[in-house]
Amino acid sequence: QVQLVESGGGLVQAGGSLRLSCAASGLTFTTYIMGWFRQAPGNEREFVAAIRWNGGRTYYTDSVQGRFTISRDNAKNTVYLQMDSLKPEDTAVYYCAADRTSIIHTIAREYNYWGQGTQVTVSS
């Protein structure tokens, strides 16, 4: 049974940092791209970042480029999202997702597995 478990969310002031983690189990981690998505109240789930199986390629949505960094540790079956210079508009539930493909993409419905989400709240 595949499980993705996020952690690291919380409340932070604008300009602060958080590091999200997502621990995966029940899958061959290195055959999956990993992505982070977020969903704010009243909004659709949106793509944030994704990383290829070996970490050799990453992709970010424009609004987080230069502020967020996605990385993975295949030995620990874990993907991370380092979030710096946080803004109130980054407030959302953040989800990690896994897709068994070698090609990075941003399409939520094509990701096979999802975590339960972790809340990130940025105060102004």
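This text goes with the structure placed above it.
These numbers come from a predicted model, not from an experiment.

We now examine the nonpolar core. Formed by 29 residues in total, the largest nonpolar core has its most connected members in M34, W36, L81, M83 and Y94. Looking at this core, the elements that each hand over two or more residues are strand 3 (18-25), strand 4 (33-39), strand 5 (46-51), strand 7 (68-73), strand 8 (78-83), strand 9 (92-99) and strand 11 (118-123). M83 has contacts with G16, S17, L18, L20, R67, F68, Y94 and V120, leaving out every residue within four places of it along the chain. Formed by seven residues, the second largest nonpolar core is a distinct cluster that contains I33, F47, A97 and I104.

The tally for this structure, following the rule as stated, stands at seven aromatic pairs. When the ring of F37 is compared with that of F47, the centres are 5.6 Å apart and the planes differ by 80°; the resulting orientation is edge-to-face. Here the residue F37 occupies a position in strand 4, and F47 occupies one in strand 5, the gap between them amounting to 10 residues. Of the two residues examined, F37 and F47, each falls in the buried class. Geometry around Y95 places R45 over its ring, the cationic atom sitting 3.8 Å from the centre.

Criteria and cut-off values
- Residues numbered from 1 in each chain as written.
- Predicted model: local features only at pLDDT ≥ 70, side-chain atom pairs only at ≥ 80, totals over all residues.
- Heavy atoms only, no water.
- Core = buried A, V, L, I, M, F, W, Y, C linked by side-chain atoms within 4.5 Å.
- Buried < 20%, exposed > 50% of the residue type's maximum accessible area, 1.4 Å probe, protein only.
- Helix = DSSP H or I, 4+ residues; strand = E, 2+ residues; numbered from the N terminus.
- Contact = heavy atoms within 4.5 Å.
- Phe/Tyr/Trp six-rings, centres within 6.5 Å; stacked < 30°, edge-to-face > 60°.
- Lys NZ or Arg CZ within 6 Å of the ring centre and 35° of its normal.

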